[in-house]
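Commentary on secondary and tertiary structure
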Amino acid sequence: MGVTKAVLGEPAIARAMIEGGVKFIADSRIENIQRMKLAGISTRFVLLRTSPSKAETIVENADISLNSQLETLEQLSFYARKKKLNHQVIIMVELGDLREGVLPYDLSLFIKKILSLSNIQMVGIGCNLACYGGIKPEHKKMTELSEIAATLEKEFELDLEIISGGNSANYDWYKSTRNVGRINNLRLGESILLGLETANRNPIPHLHTGAFKLISEVIESRKKPSLPYGETCQDAFGNTPGFIDRGIRERGILALGKQDIQPSGLFPENNLEILGVSSDHIIFDNEEQKYKTGDEVRFDLNYGGLLAAMTSPFIHKKLIESHKN
Ligand SMILES: *Cc1c(COP(=O)(O)O)cnc(C)c1O
């Protein structure tokens, strides 16, 4: 499954993922799935995060949703029946990362209940690791999920189509395992978009890690003292900042700020040193690089940076198609 949430379901990127071979497009926001459907994308759409209040739109727009709550499944069943639709579900299993999922020893009773819901078809199980608790998707966890799949299939005489082992953090396990067991699916966002596995943020061989660039404009540059002067008070975000006196230096300002992005998500070219960020301005040391007003400064982005930049309505998105080689 190609995961498009970090790019807000940008249809061109979803299309590229499908051309690249993914069998499903998955997103955490139903609005993004609606956007891709409106753009004419045809695939099996998977909703990664399911809210009961959105059950009606979910059964209308997603083919499959990931679930772990009976209340939500009852809502999905209600609207699916009302609209004469069939909605497929993957049940998430908790394996220790402590985000979503039914605990393994509660599964039997849980599945017994959902199998009785009309217009709901259970097509698989899945787990999610390395998100909240930083728990590694390794051999033991994957074997556990495989065993759970086999046990449930036997107990309920099911044939589960999808056993979804995780996300981009599963890359090392997948590359090193000699036996994937019953796992036949991963949900991949960051590894496709940024070319990184996410257990250690190592680049994946042969993938581009710089497919996204954020370009910003210099709006001021001049020599100023490095120490603010006058009586001190709080800054724009309620902090009382501290500074080191480095004498008079060339300082630049970029038209980009916290409303668009967190500085931790930005990796500037030329080792540019960011001095501070307010809502709408990034202040940087320009002593060495000597950028002039109107110059462009480029940034690589991490996943958080990509997510924020794609979400900011003030950042213009330009897609450049490169020719296949
Ligand atoms: C976001 C998400 C993914 C994709 O994670 P990546 O680290 O980007 O591969 C997979 N599964 C679920 C449930 C998610 O919410």
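See the structure shown above.
Scope of this entry: the structure provided in the associated data block. Everything numeric in this text was worked out from a predicted model, so none of it was measured. Think of each chain on its own: its residues are numbered from 1, step by step along the sequence as written. A pLDDT threshold of at least 70 governs which residues receive local features in this predicted model, and a stricter bar of 80 or more applies before side-chain atom pairs are shown or counted, although totals over entire chains, interfaces and linings include all residues. Just so you know, side-chain values use all the structure's heavy atoms and leave hydrogens and water out.

Focus on the pattern of salt bridges
We define a salt bridge as a contact between a side-chain nitrogen of Lys or Arg and a carboxyl oxygen of Asp or Glu at a distance within 4 Å. On inspection of all chains with the given rule, the structure shows 14 salt bridges. A salt bridge links R44 to E161; its shortest N-O distance comes to 2.8 Å. Residue R44 is found in strand β3 (residues 44-47), and its partner E161 is found in the loop between α6 (139-156) and β7 (162-164); the two are separated by 117 residues along the sequence. According to the relative accessible area criterion, R44 is partly exposed, its value standing at 26%. Counting from the N terminus, the helices are DSSP H or I runs at least four residues long and the strands are E runs at least two residues long. Summary of the burial criterion: residues with accessible area below 20% of their type's maximum are buried, those above 50% are exposed, and those between are partly exposed, where the area comes from a 1.4 Å probe applied to protein chains only.

Some words on the nonpolar core
Soluble, globular proteins show a tendency: their nonpolar side chains are buried together. One finds I91, M122, I125, L193 and L306 to be the most contacted residues of the largest nonpolar core, which totals 70 residues. The element best represented in this core is α6, accounting for 6 residues. Only buried residues count toward a nonpolar core. Its members are Ala, Val, Leu, Ile, Met, Phe, Trp, Tyr and Cys residues joined through side-chain atoms within 4.5 Å. Grouped together as the second largest cluster of nonpolar side chains are 12 residues, F24, I64, L66 and I162 included.

Let's talk about the packing of aromatic side chains
Pairs were defined over the aromatic rings of Phe, Tyr and Trp, the Trp ring being its six-membered one, requiring ring centres within 6.5 Å. Orientation was assigned from the angle between planes: stacked under 30 degrees, edge-to-face over 60, tilted for the rest. For the structure shown, the criterion picks out 3 aromatic pairs. Between F78 and Y79, the aromatic rings sit 4.9 Å apart at their centres with planes inclined by 90°, giving edge-to-face as the arrangement. Residue class for F78 comes out partly exposed when judged on its relative accessible area of 40%. Residue class for Y79 comes out buried when judged on its relative accessible area of 18%.

Some points on the site of the ligand
Lining the immediate environment of the ligand, one finds 14 residues, of which K5, S168, R187, G189 and E190 sit closest. Each polar contact in these results corresponds to two N or O atoms within 3.5 Å; when the atoms are within protein, one needs to be able to donate a hydrogen and the other to accept it, and residues that are neighboring in sequence are counted only if both atoms are side-chain atoms. In this structure, an oxygen atom belonging to the ligand sits 3.3 Å away from a side-chain N or O atom of R99. Interatomic distance of 2.8 Å between a backbone N/O atom of E190 and an oxygen atom of the ligand. When the ligand sits alone it has 390 Å² of accessible area, and the protein chains cover 92% of it. Tallied by class, residues from the shell around the ligand come to 5 nonpolar, 4 polar and 5 charged. Definition of nearness: a residue and a molecule or strand are near each other if at least one heavy atom of the residue lies within 4 Å of the molecule or strand. Here the accessible surface of atoms and residues is derived via Shrake-Rupley with a 1.4 Å probe, and residues count as covered only by protein chains that are part of the display. When residues are grouped by polarity, Ala, Val, Leu, Ile, Met, Phe, Trp, Tyr, Cys and Pro land in nonpolar, Asp, Glu, Lys and Arg in charged, and all others, Gly among them, in polar.

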